Amino acid sequence: MSQSNPSPGGHTSLLEEYLLANQPSDSEASSEEEEDPNAPAEDFTKEGITAKRVVLCLSKSIVSLVSSVDGKPLFACTGTVVDHVGSATLILTSATLVSKPGIDYEAYGANEVKIEVLLHNKRTIHGCLAMCNLQYNIAVVTVDSQLDLPMVTLNDFPDCYSLLVRPVIAVGRDTKYGLLVRHGNMIRKSSKLDCSEILVCTCPVSKTFIGGLVMDFERRIVGITFWGNDTTPIVPVEIAARCLQHFKCFRILKQPCLCIRGHALHTMELSNLGKICYMFPDLCCGMGIVVDKISGELSENCGSIQVGDIIHSIDGIALHSVAQLTAMLLDAMLVAIRSQNTVTLQASIRRFRDKSKPVAVLNIHENHSVECDKSFNRWRLP
């Protein structure tokens, strides 16, 4: 794919148009610079210096993306090179890049949106929208693989990783300032968004960071950044990795037929958690998912699971996060589609109201329900 530079005849690239559209006037320049959320922070604390050192090794894999529709800038955010497949390099980013403003569950198609990608060396190239999943706010953009860009590998968390409060780093790339770094901490708090898999951190990011990575100081990838007023929501790495895996296999994310919403047991109020652990001592480590909602049309696939139940484990593997449960269901979907058979999983349940421990059989096959696809997860910016 060719480089998108201004031509001698005066052609201006989309990236330059975006920069010009956001250029403050001379009278506003001084005040705008003071308020610019992307301006490099003078952070000379030990954590700030370490965070920059940790991120620098990934700099060539972090890109800035600018989208437009009919020549009008739409959105600018961050993406990460995550794989090379055939003649294409895959960039993972946020579906916000191509989402229709103010409309839930709708995004522009590949033929409607133009995407330009700014690399670490300030070279601008054209990108192509290859996948958009509004359920988890994930998109894949492809560019020419001949650019030899290093890739970042997405690995699952170690066991119980999401239960721990730890320092983390958010990474972005801005069209004006280049590589951006902000650090904060993971916190055990529910997101205000209605995606139950979401993690939350305190990194003070701007909208430019959306679609970029959050990692810890050991360079383990935590997930993909979104944006909030008070805290920063994160799509966990388990979900991002499955979206990428499904894209490489099917070009889309194949949703399982189970529509279960819930929250991690360890996020409950301590007083309520104490009552549950008194009745079921095997839950004292906070392992388990509390079921909040089951889709009516698809409840037959959920065995005997009821709202209020605690799913302690799946096939003997203890659950510590909703993202872990979703990842297991998406993995089962791969097996079900490849084998063209329904996959069954056994869920060990703890039922507080009658002190029972039933086992539910979950039936995993492809979900074709529009009702289920569109009843979860809205990603409106505050």
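Identification of the protein as PDZ domain-containing protein from Urochloa decumbens is taken from an unreviewed UniProt entry.

## Details of the overall build of the protein
In terms of regular secondary structure, the protein is built from seven helices and 18 strands. For the protein, the residues scored as buried account for 53% of the 382 residues in total. At a minimum sequence separation of 6, the contacts of the protein that also span at least 24 residues come to 67%. Of the accessible surface of the protein, which amounts to about 17,600 Å², a share of 51% is contributed by carbon and sulfur atoms.

## Let's talk about unusual backbone geometry
Its identity is not glycine, yet D70 carries a phi of approximately 55 degrees, on the positive side. Assignment of secondary structure puts D70 in the loop between β1 (62-69) and β2 (72-85). A positive phi angle is found at D148, which is not glycine, with a value near 55 degrees. Examined against the element boundaries, D148 turns out to sit in the loop between β6 (138-144) and β7 (167-174).

## A word on the sheet that holds strand β8 (residues 178-187)
Ordered in space as β7-β8-β9-β12-β11-β10, the six strands form a closed barrel in which the pairing is antiparallel. Between one strand axis and the next, the sheet turns through 45 degrees on average, direction left out of account. Here eight bridges tie β7 to β8, and the two strands are oriented antiparallel to one another. Residue pairing for β8: P167 is matched across the bridge by N185. Each of β7, β8 and β10 (213-216) is contacted by helix α3 (residues 46-56), which is oriented at about 120 degrees to β8, the strand it contacts most. Sheet contacts for helix α4 (residues 237-250): β11 (221-225) and β12 (232-236); angle to β12, the most-contacted strand, approximately 50 degrees.

## Considerations on the pattern of salt bridges
Evaluated as defined, the whole model comprises nine salt bridges. D156 is the partner of R242 in a salt bridge, and the nearest nitrogen-oxygen pair spans 2.6 Å. Of this pair, R242 sits in helix α4 while D156 sits in the loop between β6 and β7, placing them 86 residues apart in sequence. Residue classification places R242 among the buried positions, given a relative accessible area of 9%. Using a relative accessible area of 38% as the deciding quantity, one classes D156 as partly exposed. Residues participating in the shared-partner salt-bridge network are D156, R242 and D331.

## Section: the nonpolar core
Soluble, globular proteins show a tendency: their nonpolar side chains are buried together. Counting 75 residues, the largest nonpolar core has I115, V117, I138, L154 and I169 as the members making the most contacts within it. With seven residues, α4 is the largest single contributor of residues to this core. With sequence-adjacent residues up to four places away left out, I138 is seen in contact with L92, T93, A95, M131, C132, N133, I224, V235, A240 and C243.

## Digging into the packing of aromatic side chains
Taken as a whole, this structure holds zero aromatic pairs when the rule is applied. Directly above the ring of Y108 sits K100, whose terminal nitrogen or CZ lies 5.4 Å from the centroid. The ring of F250 has K254 sitting right over it, with the charged end atom 6.0 Å from the ring centre.

## Focus on the environment of C302
Tracing the backbone shows C302 in the loop between β14 (289-294) and β15 (310-314). Spatially, the C-alpha atom of C302 lies 6.7 Å from that of N363, the residues being 61 residues apart in sequence. Once you skip the residues sitting within four places of it in the chain, C302 turns out to touch L258, I260, I294, A360, V361 and L362.

## What to know about the sheet that holds strand β3 (residues 88-94)
Within a sheet, each strand pairs with its neighbour through backbone hydrogen bonds, oriented either parallel or antiparallel. Taken together, the six strands give a closed barrel; going around it, the order is β1-β2-β3-β6-β5-β4, and neighbouring strands pair in antiparallel fashion. Averaged over all pairs of adjacent strands, the angle between their axes in this sheet comes to 40 degrees, without regard to strand direction. As paired elements, β1 and β2 share eight bridges and run antiparallel to each other. Each residue of the ladder has a partner; that of V63, found in β2, is G79. α4 rests against β2, β3, β5 (124-133) and β6 of the sheet, and its axis sits at about 140 degrees to β3.

Here is what the cut-offs are and how they apply
Residues numbered from 1 in each chain as written. Predicted model: local features only at pLDDT ≥ 70, side-chain atom pairs only at ≥ 80, totals over all residues. Heavy atoms only, no water. Helix = DSSP H or I, 4+ residues; strand = E, 2+ residues; numbered from the N terminus. Buried < 20%, exposed > 50% of the residue type's maximum accessible area, 1.4 Å probe, protein only. Contact = heavy atoms within 4.5 Å. Areas by Shrake-Rupley, 256 points an atom, 1.4 Å probe, with all protein chains shown as cover. Pairing = 2+ DSSP bridges. Axes fitted to C-alpha atoms, helices over the stretch in contact; angles between N-to-C directions. Salt bridge = Lys/Arg side-chain N within 4 Å of Asp/Glu carboxyl O. Core = buried A, V, L, I, M, F, W, Y, C linked by side-chain atoms within 4.5 Å. Phe/Tyr/Trp six-rings, centres within 6.5 Å; stacked < 30°, edge-to-face > 60°. Lys NZ or Arg CZ within 6 Å of the ring centre and 35° of its normal.

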